[in-house]
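Each chain, letter by letter, is given below.
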Amino acid sequence: MRRSLVFLLFAGFACRDAMPPPSPAPHSVTADMTAATAAPEGPYEIVDLGSLGGETFATAINNRGQITGTSVAGGGSHAFLWERGVMQDLGTLGGSLVKATGLNEAGQVVGVSTTAGGDTRAFLWMGGAMQDLGAARVLGNYAFDGGCATPFDPFLVGPTVTHRAEPAINSHGDVAWTAPVAGTSATHAFLWSGGVAQDLGTLGGASSSAWTINDAGQVAGLSEVAGEASPHVVLWDRGTAHDLGAVPPPRFPGDVFDGSPLVVGMNALGQVIVTARRNSSRAVLWDGSQMVSLGAPPGARTSDVVAINDAGQIAGTGISEESYDGVHHPFLWANGAFQLLPEVSTPYARDAVSAMNASGVVAGFRVAPLVGDYANGCHPLVWDGGLRWELGTLGVGQSALGAAINARGDVAGWSWTRRFFGTHAALWRRIIAVAVDVKPGDPDNVINRHSNGTTPVALLSSATFDATTADRSTVTFAGAPALDQGGGPEDVNGDGLPDVVFHFATEALTLPEGTTEACLRGLTTDGASFKGCDSVR
Ligand SMILES: [Ca+2]
Ligand SMILES: [Ca+2]
């Protein structure tokens, strides 16, 4: 049943793939659904990033608030970089299909583009220019998608691919990708570093593929081995291939392992996680010295992993059966132990994980029936320190998904704007709670609403927030914009941390009689959202 949503999502522009028609739901929606949907939305605001004219999906976000993704329309596709309210088309290497696949902190974007002649090439986009790195092929397969996690991929036939070997970039601008070997069906992993493309070769078989790269320049992927049916996991380190071995055989009698492991992620330590695709999937970790099976969390039979961070935390979803209809258990794994994340399960709604950041904040989604219709919808979730928040969508009754999360917990993804279509890229921005002082130094905070003067409000720094990073053009207080005066750093509360005093035209404030609190809001120069409130009289 959950598969039907994927088909519906893409039915409008994927007719060439001969999708099966959606099937009616086998069960109706019952009253207990309403209780399950009453979840707190958390400290997030949703931002509509728009579209380049097609169905638009954000797939990566960095800590500067830059977001990349792909817009698909009319048999073509465009890649974008969104920053501070502007969605920029990255252009093309000459063809009509372009897709962004990765983004680093410097705002460099990697992806694939066709040429005028129809070839597929890897690109590195920086400073407004798209550089051709060489021939490329996108490989992929599916593990778990919950029926709603996957954007349409113009470079892979079929909508259910969840893990891809496609161009990946690290913070230094090194790029790993997979290239076809001319005149054969084989592929080789490639590394672009220091302006030079290097063929990383294989472990002796015909083909290899690159899936991910870390800041140490290590590339993780797969390689065929002469005389073996299943590929081995491989770690290339400074040009040397390390054979991490084959993925261990299935854990349960009767499990089917089809020989297609998927490299899901690697951290800065060179630890690699792999999902072994079978009739359902489970996770294997290269811990730096050996391959270990993670097993499954309590109550689950499989574990579908999505990310590993530098702390060694792994995020994933355990499922009770070899079926997507099984009970779901979203989890964090660390040091050999599963920590189950809070979930809201009903017979018709399941929670699952889609991404994780460096500090173990997890993005995910809840699959649930779209009330009054026959398809499932997705509702974005964030788990943070034992809390579970259900985020909003672009319009009542729409479906949305968070696909990527940055260090401060901002989530990028997509949302329908009308049923099944009109998909826009979306940002769920974490609102940082800050301290403010209305009329700094004056504890009474009396505002004479009829004054034609100005009201000063101090934005205070803390150990975790630097007030001097506030972008004045975005700052408002009680709905009024900050005036173009003051704003230099000064320590108004004497704690040694520089604060910033903004000024507002008092007559412009929205402060009805009886108001006892007013809030200052804004964005930092890195696009982080902050909000702080103080009493007023
Ligand atoms: Ca005050
Ligand atoms: Ca201070």
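Criteria and thresholds
- Residues numbered from 1 in each chain as written.
- Chains lettered and ligands numbered in written order.
- Predicted model: local features only at pLDDT ≥ 70, side-chain atom pairs only at ≥ 80, totals over all residues.
- Helix = DSSP H or I, 4+ residues; strand = E, 2+ residues; numbered from the N terminus.
- Contact = placed C-beta atoms within 7 Å.
- Pairing = 2+ DSSP bridges.
- Axes fitted to C-alpha atoms, helices over the stretch in contact; angles between N-to-C directions.
- Buried ≥ 20, exposed ≤ 12 C-beta atoms within 10 Å, placed from the backbone.
- Core = buried A, V, L, I, M, F, W, Y, C linked by C-beta atoms within 7 Å.
- pLDDT = per-residue confidence, 0-100.

K.L.:
Summarise the overall build of the protein chain; cite the residues concerned and give the values.
P.N.:
For the protein chain, the helix and strand inventory stands at 2 helices and 42 strands. If you take every contact in the protein chain between residues at least 6 apart in sequence, the share linking residues at least 24 apart comes to 51%.

K.L.:
An account of the sheet that holds strand β4 (residues 76–83) is needed here, citing residue identities and associated values.
P.N.:
Spatial ordering of the open sheet is given by β2-β3-β4-β5, a layout of 4 strands whose pairing is antiparallel. Strand pairing shows two members of the sheet lacking a second neighbour, β2 (55–61) and β5 (86–89), which therefore form its edges. The sheet shows a mean angle of 30° between the axes of neighbouring strands, direction not considered. Sheet analysis places strand β3 (residues 67–73) next to β4, joined by 7 bridges and oriented antiparallel. From the neighbouring strand, Thr-68 faces β4, where its bridge partner is Leu-81.

K.L.:
Give a description of the sheet that holds strand β18 (residues 232–237) that names residues and reports values.
P.N.:
Pairing is antiparallel across the open sheet formed by 4 strands, whose spatial order is β16-β17-β18-β19. Looking along the sheet, the strands with just one partner apiece sit at the ends: β16 (208–213) and β19 (240–246). For this sheet, the mean angle separating the axes of adjacent strands, direction not counted, is 30°.

K.L.:
I'd love a proper account of the pairing of strand β29 (residues 362–369), names of residues and values included.
P.N.:
With 8 of 8 residues buried, β29 lies mostly within the body of the structure. Of the two faces of β29, the one holding Val-362, Gly-364, Arg-366 and Ala-368 and the one holding Ala-363, Phe-365, Val-367 and Pro-369 are both buried throughout. In the sheet, strand β28 (residues 350–356) pairs with β29 via 6 bridges, with the strands oriented antiparallel. Considered in β29, the bridge of Arg-350 is made with Val-367. Joining the antiparallel neighbours β28 and β29 is a turn of 5 residues, in which Gly-360 adopts a positive phi near 85°.

K.L.:
Describe the environment of Leu-52, naming the residues involved and giving the relevant values.
P.N.:
Of note, Leu-52 is situated in the loop between β1 (44–50) and β2. The spatial distance from the C-alpha of Leu-52 to the C-alpha of Phe-80 is 7.9 Å, given a sequence separation of 28 residues. What Leu-52 contacts, discounting residues up to four positions off in sequence, is Ser-71, His-78, Phe-80, Met-87 and Asp-89.

K.L.:
Describe the environment of Leu-235, listing the residues and the values that go with them.
P.N.:
With respect to the helices, strands and loops of the structure, Leu-235 is situated in strand β18. For Leu-235, a count of 21 C-beta atoms within 10 Å gives the class buried. It is 9.6 Å that separates the C-alpha atoms of Leu-235 and Ile-213, two residues lying 22 residues apart in sequence. Setting aside chain neighbours within four positions, we find Leu-235 in contact with Gln-218, Ala-220, His-242, Leu-244, Gly-270 and Val-272.

K.L.:
Account for the nonpolar core, with residues named and values stated.
P.N.:
Counting 110 residues, the largest nonpolar core has Val-272, Val-274, Val-362 and Ala-426 as the members making the most contacts within it. When sequence neighbours within four positions are dropped, the list of residues in contact with Val-272 reads Ala-220, Val-233, Leu-235, Leu-244, Val-263, Met-266 and Trp-286.

K.L.:
Tell me what's going on with the environment of Asn-63, and back it up with residues and numbers.
P.N.:
With respect to the helices and strands, the residue Asn-63 is situated in the loop between β2 and β3. For the pair Asn-63 and Gly-527, spaced 464 residues apart in the sequence, the C-alpha separation amounts to 8.6 Å. Here Asn-63 is in contact with Glu-105, Asn-406, Ala-407, Arg-408 and Asp-526, once residues within four sequence places are set aside.

K.L.:
Hey, could you go over the confidence of the model for the protein chain for me, with residue numbers and the actual values?
P.N.:
Per-residue confidence for the protein chain gives a mean pLDDT of 85, with 84% of residues at or over 70. In the predicted structure, residues 1–40 sits below a pLDDT of 50 and forms 61 contacts with residues beyond four places in sequence or in another chain. pLDDT under 50 marks residues 253–257. Its contacts with residues more than four places away, or in other chains, come to 9 contacts.

K.L.:
Describe unusual backbone geometry, listing the residues and the values that go with them.
P.N.:
The phi angle at Arg-238 is positive, at roughly 50°, despite the residue not being glycine. Its location among the elements puts Arg-238 in the loop between β18 and β19. You will see that Lys-439, though not glycine, has its phi angle at about 50°, which is positive. A count of 17 C-beta atoms within 10 Å places Lys-439 in the partly exposed class.

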